[in-house]
Amino acid sequence: MPVTDPLGGTERDSLAGERRRTVNCMSDGKQVSPGVREEIRAFLATRRARLTPEQAGLTVFGGDRRVKGLRREEVAALAGISVEYYIRLERGDATGVSEAVLDGIHHALQLTDAERAHLSDLLDARRSRRPAPPTARPRLRPPVQRILDSMTTTAAFVFTGCLDIIGANALGRALYEPMYADPGRPVNTARFAFLDPAARTFWRDWDRIADDSAELLRAEAGRTPYDTELTTLIGELSTRSEDFRVRWARHDVRSYATGVKRVHHPVVGDFELAYESTRLADPGQLMIMYTPEPDTPSEDALRMLASWAAPKSRVDQPPPAGDPHATGREPG
């Protein structure tokens, strides 16, 4: 007898059975991680669950619905595909998923651009069949560090997809002083947000920062599902933080673009900084730049922070060339 899915429709394979599967052998001898299939299932199911028929423009006639959100057949109808194909898609078993089908799912589930990209990433990861070989730890190229250092009135950082900070200028290090107080390197903003009690004071809107961190990591997990460092980080956060586990279970995703961060700095107090982001040529690296609105208390506070950071920056500078004790400076 089919197992009823509380999110709608029926499945012949229960979730418990899906989780018991450790590997799926393909005809060519390659293997697919069951984790990717489960990610596809959970992502699409949670997108269905959040959308009511009324929000989707459907008319409901009488009776209590036993499902939360849209049924599978309703999604299929809205997307212009067969119910059978959508069920296979939600299980992670569908093949030949075209851009037209993705567009239909995008429309039916009212996905954001970040969510559509995440679904596409998950389908690509499933098609790749085999984990990519491990890559070297991301490193910051010297020209990028010089660009960061040239920005003296803007706090600037370079992040990886794991939210590691691998580069920063002097004002950036001063801005994130509480994170740099932890001797562990590289600095990781998600680890700080969820595991360091100081984060709830530093971030004036901690809940939003926590949401953003989990959603950015979820999107990165879709792009690089076999990244061992990312998997280790997610495991650590899931084990040590209930706040992270709750957010991770939502399967929400987002991408960096632009916005405002509200900070309570231990030295200069409160300020708000607008940020812009740009992707670098190096895969997975993103530069984030923070700047205040002109003629505001936040601009005054950032000037104070720059003055406070100047002596520290001079101390951090490497010795002159030729000094027998010269050492390289750690970026970020």
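All figures in this text were calculated on a predicted structure; none of them were measured in a lab.

How each quantity is defined
Residues numbered from 1 in each chain as written. Predicted model: local features only at pLDDT ≥ 70, side-chain atom pairs only at ≥ 80, totals over all residues. Heavy atoms only, no water. Pairing = 2+ DSSP bridges. Helix = DSSP H or I, 4+ residues; strand = E, 2+ residues; numbered from the N terminus. Phe/Tyr/Trp six-rings, centres within 6.5 Å; stacked < 30°, edge-to-face > 60°. Buried < 20%, exposed > 50% of the residue type's maximum accessible area, 1.4 Å probe, protein only. 1 Å grid on protein atoms, 1.4 Å probe; cavity = no way out; pocket = protein on both sides within 12 Å on 5 of 7 lines; lining within 4 Å. Points joined across faces, edges and corners; volume = space filled by probe spheres on them. Nonpolar A, V, L, I, M, F, W, Y, C, P; charged D, E, K, R; others polar. Contact = heavy atoms within 4.5 Å. Axes fitted to C-alpha atoms, helices over the stretch in contact; angles between N-to-C directions. Left-handed = near helix turned anticlockwise from the far one by under 90°. Core = buried A, V, L, I, M, F, W, Y, C linked by side-chain atoms within 4.5 Å.

Peer 1: How do you make sense of the pairing of strand β8 (residues 258-265) when you look at a structure like this?
Peer 2: Regular strands show a simple pattern: their side chains alternate between the two faces of the sheet. Where β8 and strand β9 (residues 269-279) come together, eight bridges link them in antiparallel fashion. In the strand pairing of β9, V263 is matched with F271. Between β8 and the antiparallel strand that follows it, β9, lie three residues.

Peer 1: Whenever I open this one, the packing of aromatic side chains confuses me. Can you help?
Peer 2: To describe a pair of aromatic rings, you give the distance between the ring centres and the angle between the ring planes. Applying the stated criterion across every chain yields a total of 14 aromatic pairs. Taken together, a centroid distance of 6.0 Å and an interplanar angle of 50° make the contact between F157 and F159 tilted. Residue F157 is classed as buried on the basis of its relative accessible area of 0%. By relative accessible area, F159 is classed as buried at 1%. Each ring, one from F194 and one from F244, has its centre 5.2 Å from the other, and the planes form 80°; the classification is edge-to-face. Taken together, the residues F194 in helix α10 (residues 189-195) and F244 in helix α14 (residues 242-248) connect sequence positions 50 residues apart. Grouping residues by exposure puts F194 and F244 together as buried. Ring-pair connections join several aromatic residues into one group, and the members of that group are F157, F159, Y176, F192, F202, W203, Y256, Y275 and Y290.

Peer 1: Got a minute to help me understand empty space enclosed by the protein in this structure?
Peer 2: Sizing a probe to match a water molecule and rolling it over the atoms shows the empty space that remains. In this structure the tally under the stated criterion is two cavities of 30 Å³ or more. Here the largest cavity defines a volume of roughly 110 Å³. If you trace the largest cavity, you find 14 residues lining it, with T189, I209, S213, Y256 and K261 closest to the centre. If one sorts the elements of the lining of the largest cavity by residue count, helix α12 (residues 206-223) sits on top with four residues. Within the lining of the largest cavity, the residues separate by chemical class into nine nonpolar, two polar and three charged.

Peer 1: Would you take a moment to explain the environment of F192 for this structure?
Peer 2: With respect to the helices and strands, the residue F192 is situated in helix α10. Distance from F192 to A210, taken between C-alpha atoms, is 9.9 Å for residues 18 residues apart in sequence. Dropping the residues within four chain positions of it, F192 is found in contact with P178, M179, A198, A199, F202 and W203.

Peer 1: Is there a simple way to explain the packing of α12 against helix α13 (residues 228-240) in this structure?
Peer 2: Each packed pair of helices is defined by two parameters, the angle between the axes and the distance between the axes. Close contact between α12 and α13 brings their axes to 11 Å; oriented N to C, the two are set at 145°. In this structure, the crossing between α12 and α13 has a hand that is left-handed. Here L217, E220 and A221 of α12 lie close against α13, whose contacting residues are L230, L233, I234 and L237. Of the residues that constitute the contact of α12 with α13, the class distribution is six nonpolar, no polar and one charged.

Peer 1: Got a minute to help me understand unusual backbone geometry in this structure?
Peer 2: The general pattern is negative phi for most residues beyond glycine and trans for most peptide bonds. Phi angles above zero are rare outside glycine, and H251 is one such case at about 60°. Positionally, H251 belongs in the loop between α14 and β8. For H251, a relative accessible area of 10% gives the class buried. Here the phi dihedral of D295 falls at roughly 55°; this positive angle occurs in a residue that is not glycine.

Peer 1: Just to check I follow, could you spell out the nonpolar core for this structure?
Peer 2: Nonpolar side chains tend to gather and get buried jointly when the protein is soluble and globular. Formed by 47 residues in total, the largest nonpolar core has its most connected members in F157, L175, Y176, W203, L217 and Y290. No other element matches the seven residues that α12 contributes to this core. Core analysis: the next-biggest nonpolar cluster, separate from the first, contains 26 residues, L44, A56, Y85 and A108 among them.

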